[in-house]
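Chains, contacts and geometry: an overview
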Amino acid sequence: MGTSLLVGPVNGIPEMMKRDCPRILINRERVGNFGKRKRDVFHAGDCDDTVSLLCRLLGWEEELIELNESTRVKEEKKSGFSL
């Protein structure tokens, strides 16, 4: 989720999963050999939008927003100067 499965070494991660482990791909398009296993699930869509919707449906929206805000890098820290 959220990375290119076309470029190594990341593209090898899905194959590291045990055969009986369900795999879920949230991406705009199917990539690699994903979908070859019986338990694979593919959702076509934007990763951020899909996770936001899923969290809202599960009642986790506030927690997602808080987590996002607590891990966001402030612009001043990245650039080294205050705006």
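About the criteria used
Residues numbered from 1 in each chain as written. Predicted model: local features only at pLDDT ≥ 70, side-chain atom pairs only at ≥ 80, totals over all residues. Heavy atoms only, no water. Helix = DSSP H or I, 4+ residues; strand = E, 2+ residues; numbered from the N terminus. Contact = heavy atoms within 4.5 Å. Areas by Shrake-Rupley, 256 points an atom, 1.4 Å probe, with all protein chains shown as cover. pLDDT = per-residue confidence, 0-100. Patch = residues over 30% accessible without salt bridge, like charges linked within 9 Å, V, L, I, M, F, W, Y side chains within 5 Å. Salt bridge = Lys/Arg side-chain N within 4 Å of Asp/Glu carboxyl O. Buried < 20%, exposed > 50% of the residue type's maximum accessible area, 1.4 Å probe, protein only. Lys, Arg positive; Asp, Glu negative; His and termini not counted. Charge placed at Lys NZ, Arg CZ, Asp CG, Glu CD. Polar contact = N/O pair within 3.5 Å; in protein donor to acceptor, adjacent residues only side chain to side chain.

Moving on: the overall build of the chain. In terms of helices and strands, the chain carries four helices and two strands. Taken from N to C terminus, the helices and strands of the chain fall in the order α-β-β-α-α-α. Excluding contacts between residues fewer than 6 apart, the proportion of contacts in the chain whose partners are at least 24 apart in sequence is 11%. A total of about 7,000 Å² of accessible surface is found on the chain, and carbon and sulfur atoms cover 55% of it.

Confidence along the chain averages 84 in pLDDT terms, with 84% of residues attaining 70 or more. Element-level mean pLDDT values for the chain span from 57 in helix H4 (residues 75–79) up to 94 in helix H2 (residues 47–58).

Bringing a nonpolar patch on the surface into the picture now. A contiguous nonpolar surface patch, about 310 Å² in accessible area, is contributed by Leu54, Leu58 and Trp60. Secondary-structure assignment places Leu58 in helix H2. By relative accessible area, Leu58 is classed as partly exposed at 44%.

This brings us to a negative patch on the surface. Side chains of Glu61, Glu62, Glu63, Glu66 and Glu69 sit close together on the surface and give a patch of like negative charge. Inspection of the secondary structure assignment puts Glu69 in helix H3 (residues 61–71).

With that settled, the discussion passes to the pattern of salt bridges. Scanning the entire structure with this criterion turns up four salt bridges. In this structure, Arg23 engages Glu15 in a salt bridge whose closest nitrogen and oxygen atoms are separated by 3.4 Å. Residue classification places Glu15 among the partly exposed positions, given a relative accessible area of 39%. The closest approach of N and O atoms between Asp40 and Arg23, which form a salt bridge, is 2.7 Å. Residue Asp40 is found in the loop between strand S1 (24–27) and strand S2 (41–44), and its partner Arg23 is found in the loop between helix H1 (13–16) and S1; the two are separated by 17 residues along the sequence. Grouping residues by exposure puts Asp40 and Arg23 together as buried.

Turning to the side chain of Asp40, a few remarks are in order. Overall, Asp40 belongs to the buried group, its relative accessible area being 14%. A polar contact is formed between the side chain of Asp40 and the backbone nitrogen of Gly35, at a distance of 2.8 Å. For Asp40, the side chain forms a polar contact with the main-chain nitrogen of Lys36, separated by 3.4 Å. Residues contacting Asp40, with those up to four places away along its chain left out, are Arg23, Phe34 and Gly35.

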